[in-house]
Amino acid sequence: MTATAPLVIIFGGSGFVGRYVAQAMARRGWRVRVAVRRPAEAHFVRPYGEVGQVEPVQANLRDDASVRRALQGATAVVNCVGLLTESGAQTFKAVQAEGAARVARLAREAGAERFVQISAIGADPESESVYARSKAEAETAVREAFPDAVILRPSIIFGPEDSFFNRFASMARFSPALPLVGPETRFQPVYVVDVAQAAAKAAAGEAAPGIYELGGPRTASFRELMKMLLHVIRRRRLLIALPEGVARVQAKVLGFLEKATGGLFVNDLLTEDQITLLQKDNVVSAGAKGLEELGIEPTPMEAVLESYLWFWRPGGQYVRMRERRLRLGGRSEGRSNGGSGGGSGGASGG
């Protein structure tokens, strides 16, 4: 890696998806600038490359000046910033819509050649969900500034730091049941490394402009995904379908608690907007461009989940060892019993 290597700016580069994009770009020999609100908390990205190859810098998507500074010298820009829930000034509108528009506009001014926007399946300007509308607004703003931008719309993303499987696995440690809103809603979970590879290809100019919907090789209902999770973490829990009306009452109560405590309690458990999203399938549209068009083979969940969800098992990583011993013990006992029975039969026959 040299000082003349191309430079990619990754907004939200210390987040769940962004850190994998940073690793992918560093492996390609690019200089990587990770733009985050709190760079002091992002030093863990430095070892992703050679000394000085990956650097965290300060940038707030709600501030022109800091974004402009972060973009200096950019060849390509990847915007990975996104919210799961709103909190204070960090709203879907301010961060996901206006923030993306600001980054794209200033990236064009800075002379960046390529722009990659991490959006989401379900982005829709007509959606009842504020989250989905803000994602659609971001896509429109990005394409106004960069008509040849690449927009990636993943389904639920899974991986070691994910907030989907890990969240429900954490709940299963203490709760005898998992309440499910929209248990039959279908998802197409996609591996975070596959998403990062797609972003890296686009940033490097190896993807045609346009929208790509990213999903894994398997679609499954929310209920089916939770059954898979419980099998992996070796726990038996009831799966309870929560009626939409009941769920909305709970979400209102949690929202009230957040406001009443002045933000001391942050409602990241259940919001009305999340309930709205859960009423619609989150899968790749028929005919949409996806990972295959980018030359990426989707990674199945079964190949990855056990590698990080073992943490939530009652016996941690040693469960598999005990299960293996039990299986071997059962087979040994079976062979022993079969052997003595055969000997007895032989003696009797003689």
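All values reported here derive from a predicted model rather than from experimental measurement.

Participant: Whenever I open this one, the overall build of the protein chain confuses me. Can you help?
Facilitator: In terms of helices and strands, the protein chain carries 11 helices and 13 strands. Dimensions of the protein chain, computed from the C-alpha atoms along their principal axes, are close to 95 × 55 × 40 Å. Residue burial in the protein chain is summarised as follows: out of 350 residues, 49% are buried. Taking the contacts inside the protein chain whose residues are at least 6 apart along the sequence as the reference set, 76% of them involve residues at least 24 apart.

Participant: In this structure, what is going on with the packing of helix α3 (residues 92–110) against helix α4 (residues 130–145)? I would like to understand it.
Facilitator: α4 packs onto α3 with a crossing angle of 10° between their chain directions and a minimal axis gap of 8 Å. The angle between the axes of α3 and α4 places the two elements in the roughly parallel class. Here α3 contributes F92, K93, Q96, A97, A100, A101, A104, R105 and R108 to the contact with α4, which in turn contributes V130, Y131, S134, K135, E137, A138, A141, V142 and A145. When the residues that make up the contact of α3 with α4 are grouped by side-chain class, the tally is 11 nonpolar, 2 polar and 5 charged.

Participant: Explanation requested: the pairing of strand β4 (residues 76–79) in the structure shown.
Facilitator: Working note: regular strand, side chains alternate between the two faces of the sheet. Residues A76 and V78 of β4 are buried on one face, and the alternating residues V77 and N79, pointing to the opposite face, are buried as well. Here strand β1 (residues 7–11) pairs with β4 via 4 bridges, running parallel. Directly across from I9, in β4, lies its bridge partner V77. Relative to strand β5 (residues 114–118), β4 is paired through 4 bridges, and the arrangement is parallel.

Participant: For this particular structure, what's the right way to read the confidence of the model for the protein chain?
Facilitator: Parts of the model with low pLDDT should not have their predicted coordinates read in detail. Taken residue by residue, the protein chain gives an average pLDDT of 92. The fraction at 70 or more is 90%. Counting interchain partners and residues more than four positions distant, the pLDDT-below-50 stretch residues 339–350 has 0 contacts.

Participant: Teacher, can you tell me more about the packing of aromatic side chains here?
Facilitator: Two measures describe an aromatic ring pair: the distance that separates the ring centres and the angle between the ring planes. One pass over the structure, following the stated rule, counts 13 aromatic pairs. Ring centres 6.0 Å apart and planes at 80° place the aromatic pair F187 and F222 in the edge-to-face group. Of the two residues, F187 sits in strand β9 (residues 186–187) while F222 sits in helix α7 (residues 222–233), which places them 35 residues apart along the sequence. For F187, a relative accessible area of 6% gives the class buried. Judged by its relative accessible area of 3%, F222 is buried. One residue, K289, lies across the ring of Y212, its end atom 4.4 Å from the ring centre.

Participant: Explain the nonpolar core to me, please; I cannot follow it from the model alone.
Facilitator: Inside soluble globular proteins, nonpolar side chains tend to come together where they are buried. One finds F165, M226 and L309 to be the most contacted residues of the largest nonpolar core, which totals 75 residues. Those residues in contact with L309, other than ones at most four positions away along the chain, are F165, N166, A169, L229, V232 and I233. Of all hydrophobic cores here, the second largest spans 27 residues; its members include A74, F92, A112 and A145.

Participant: Is there a simple way to explain empty space enclosed by the protein in this structure?
Facilitator: Empty space among the atoms becomes apparent when a probe as large as a water molecule is rolled across them. According to the stated counting rule, one finds 1 cavity of 30 Å³ or more in the structure shown. A volume near 30 Å³ is recorded for the largest cavity. L61, N79, V81, V95, Q96, A100, Q117, I118 and K135 are the residues that line the largest cavity. Elements that contribute at least two residues to the lining of the largest cavity include exactly α3 and β5. Examining the composition of the lining of the largest cavity, we find that 3 residues originate from one element, α3, more than from any other. For the lining of the largest cavity, the class distribution of residues is 5 nonpolar, 3 polar and 1 charged.

Rules behind the numbers
Residues numbered from 1 in each chain as written. Predicted model: local features only at pLDDT ≥ 70, side-chain atom pairs only at ≥ 80, totals over all residues. Heavy atoms only, no water. Helix = DSSP H or I, 4+ residues; strand = E, 2+ residues; numbered from the N terminus. Buried < 20%, exposed > 50% of the residue type's maximum accessible area, 1.4 Å probe, protein only. Contact = heavy atoms within 4.5 Å. Axes fitted to C-alpha atoms, helices over the stretch in contact; angles between N-to-C directions. Parallel < 35°, antiparallel > 145°, perpendicular 65-115°, else oblique. Nonpolar A, V, L, I, M, F, W, Y, C, P; charged D, E, K, R; others polar. Pairing = 2+ DSSP bridges. pLDDT = per-residue confidence, 0-100. Phe/Tyr/Trp six-rings, centres within 6.5 Å; stacked < 30°, edge-to-face > 60°. Lys NZ or Arg CZ within 6 Å of the ring centre and 35° of its normal. Core = buried A, V, L, I, M, F, W, Y, C linked by side-chain atoms within 4.5 Å. 1 Å grid on protein atoms, 1.4 Å probe; cavity = no way out; pocket = protein on both sides within 12 Å on 5 of 7 lines; lining within 4 Å. Points joined across faces, edges and corners; volume = space filled by probe spheres on them.

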